[in-house]
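What follows is each chain in one-letter form.
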Amino acid sequence: MSILYNKIEVRIDLSAIRSNYRLLKSHGSHVIGVIKADAYGHGLFEVAEALAAEGCDTFAIGSVEEGVALRKHLLSKGIKARIMSLLGPVDPEDYAPLWEYEIIPFIGGFRQLEEVAGHAARLGRALPISVKFDTGMARLGFVEEDLPRLLERLGEAPLVRPVMASSHLATADDPDAVDFVMEQGRRFELMVGALRGAGYDVEANLANTAAILAHPKLHYQSQRGGISLYGASPFAGTAWEHLGAGLVPAMQARTRIVSVHPLKKGHTISYGGIFTAPRDMTVAIVAAGYADAYSRGLSGRGAQMLIGGRRVPQVGRICMQMCAADVTDLPDVRPGDWATLLGGEGPLAITGDELAGWWGTISYEVFCLLGMNRRVFIGA
Ligand SMILES: *Cc1c(COP(=O)(O)O)cnc(C)c1O
């Protein structure tokens, strides 16, 4: 998906993603590349190819539909890889492609299980699945009490083949929540043990980025790394910040300045007049607004951007396709110059976490949203 009516240019540095994957591999044993939601806005196909070049042999995507798109692309490039769908089949149309495009679905409920069993029987073809357990996230997955019925139903559906067991951690990024993480690990081991006891030789994976970096005890056979691939750390602002050292940001977002003009002391700018010039100022009108996923919620929150190599504050309400920045101290700024909203060169670069802080969210959301703008890829 791409916004086609605007001026924001998102640059994706694929060599940064490759470097981050190598760093993750140095911690984990078998790192599955999590590239759901268009690789967190970084480009599903391009990121998959970059990771495959680093030896990544398994990709986790969201919907089955996204998995189908990825499989077609990988086939066209001659790349062999396992594809797993974290969401699993949702709509009736999601089932047949699991066989046709060899997608390993997370199966986390009896309804999904009955559907795949029925399809497998009708097709007469086996389907490898990942059994999804709920160990504390309370989102998707079989819980401990489901085990007897789960094993019984699996026993009656021999074409449904559990090859993996998965669960998801809720608090692995929080240094104060280690007890909860370990409790999730304990429940996971119990449930994986029950599957193995019934004869299913499953590959267990529980760890996300935070657990790959902070909880080596929970690595099991494979790990699912997402946010770190894109150069952001899940530990920003915590006592574990150092664990994200060495990650290289991969996304930059910049746009054009369309006007530069004076704003007299005491005058306001943009809708609602929420900003009043405290002195005679020069403002730049920047081609970025909430329709380009530069959220209106950033208005008046102290957000900064990079213009002419300097940090400048955003001022006034953010409009649909424009916003303003204070460039009073930059006499050489002209229309047509770049304004960098995310990333940039050197120590002044705006990190995903910083932008997320002004935005009141996390880097994950900043990447997913800004990544909907037109992208160019570098460093392949
Ligand atoms: C998104 C996701 C991940 C990756 O998490 P990160 O924090 O980005 O590493 C892993 N597992 C599941 C089930 C997910 O949905």
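Residues numbered from 1 in each chain as written. Predicted model: local features only at pLDDT ≥ 70, side-chain atom pairs only at ≥ 80, totals over all residues. Heavy atoms only, no water.

### Here we look at the site of the ligand
Neighbouring residues of the ligand: 13 residues in total, closest K36, Y40, T209, I227 and Y364. Here an oxygen atom of the ligand sits 2.6 Å away from a polar atom, N or O, in the side chain of Y40. Within the side chain of R224, one N or O atom sits 2.9 Å away from a nitrogen atom of the ligand. Look at the ligand: alone it shows 390 Å² of surface, and the protein chains cover 92% of it. Where the shell around the ligand is concerned, the elements lending two or more residues are α2 (36-41) and β9 (223-225). By residue class, the composition of the shell around the ligand is 5 nonpolar, 5 polar and 3 charged. (Near = heavy atom within 4 Å. Polar contact = N/O pair within 3.5 Å; in protein donor to acceptor, adjacent residues only side chain to side chain. Areas by Shrake-Rupley, 256 points an atom, 1.4 Å probe, with all protein chains shown as cover. Helix = DSSP H or I, 4+ residues; strand = E, 2+ residues; numbered from the N terminus. Nonpolar A, V, L, I, M, F, W, Y, C, P; charged D, E, K, R; others polar.)

### What about the packing of aromatic side chains?
Tallied over the full model, the rule gives 5 aromatic pairs. Ring geometry for F110 against F142: centres 5.0 Å apart, planes inclined by 70°, an arrangement best described as edge-to-face. With F110 in helix α6 (residues 110-123) and F142 in the loop between β6 (127-132) and α7 (147-156), this pair connects stretches of sequence that are 32 residues apart. Of the residues examined, F110 reaches a relative accessible area of 12% and is grouped as buried. Within the aromatic cluster, the residues linked to one another by ring pairs are Y40, Y230 and Y364. Cation over ring: R149 sits above F110, and NZ or CZ is 3.8 Å from the ring centre. Over the aromatic face of W338 sits the side chain of R256, whose NZ or CZ is 3.7 Å from the ring centroid. (Phe/Tyr/Trp six-rings, centres within 6.5 Å; stacked < 30°, edge-to-face > 60°. Buried < 20%, exposed > 50% of the residue type's maximum accessible area, 1.4 Å probe, protein only. Lys NZ or Arg CZ within 6 Å of the ring centre and 35° of its normal.)

### Examining the pairing of strand β5 (residues 103-107)
Each regular strand shows side chains that alternate between the opposite faces of the sheet. Among the 5 residues in β5, 5 count as buried, and that is most of the element. In β5, alternate side chains face the same way, and those of I103, P105 and I107 on one face and I104 and F106 on the other are all buried. Relative to β5, strand β4 (residues 82-85) runs parallel, the two sharing 3 bridges. Bridging across to β5, I83 finds its partner in I103. Here 2 bridges tie β5 to β6, and the two strands are oriented parallel to one another. Considered in β6, the bridge of F106 is made with S130. Read from β5 through α6 to β6, the crossover connection turns out right-handed. (Pairing = 2+ DSSP bridges. Right-handed = clockwise from strand over helix to strand, strands pointing away.)

### Considering the domain arrangement of the chain
In terms of domains, the chain is made up of domain 1 (14-237) and domain 2 (251-378). Averaged C-alpha coordinates put domain 1 and domain 2 at centres separated by 37 Å. Each partner contributes to the interface: domain 1 provides 14 residues, whereas domain 2 provides 10 residues. Interface of domain 1 and domain 2: buried area, both sides summed, is about 1000 Å²; carbon and sulfur atoms make up 62% of it. On inspection of domain 1 and its partner domain 2, the count reaches 1 salt bridge. Our count for the domain 1 to domain 2 interface comes out at 3 residue pairs in polar contact (both at pLDDT 80 or more). Listing elements by their share of the side of domain 1 that touches domain 2, those giving two or more residues are α1 (14-27) and α2. Sort the elements by how many residues they give to the side of domain 1 that touches domain 2 and α2 lands first, with 3 residues. The class makeup of the residues in the side of domain 1 that touches domain 2 is 7 nonpolar, 5 polar and 2 charged. (Domains from an automatic or database assignment. Contact = heavy atoms within 4.5 Å. Buried area = accessible area lost by both parts, 1.4 Å probe. Salt bridge = Lys/Arg side-chain N within 4 Å of Asp/Glu carboxyl O.)

### Focus: a nonpolar patch on the surface
Taken together, the side chains of L87, V90 and L140 define a hydrophobic patch exposed on the protein surface, amounting to about 240 Å² of accessible area. Mapped onto the secondary structure, V90 falls in the loop between β4 and α5 (96-100). (Patch = residues over 30% accessible without salt bridge, like charges linked within 9 Å, V, L, I, M, F, W, Y side chains within 5 Å.)

### Comments concerning helix α10 (residues 352-359)
All of the buried residues along α10 are G352, L355, A356, W358 and W359. Axial view of α10: buried residues confined to an arc of 160°, hence all on one face. One or two residues past the end of α10 sits G360, with phi positive at roughly 75°. (Arc of directions from axis to C-beta.)

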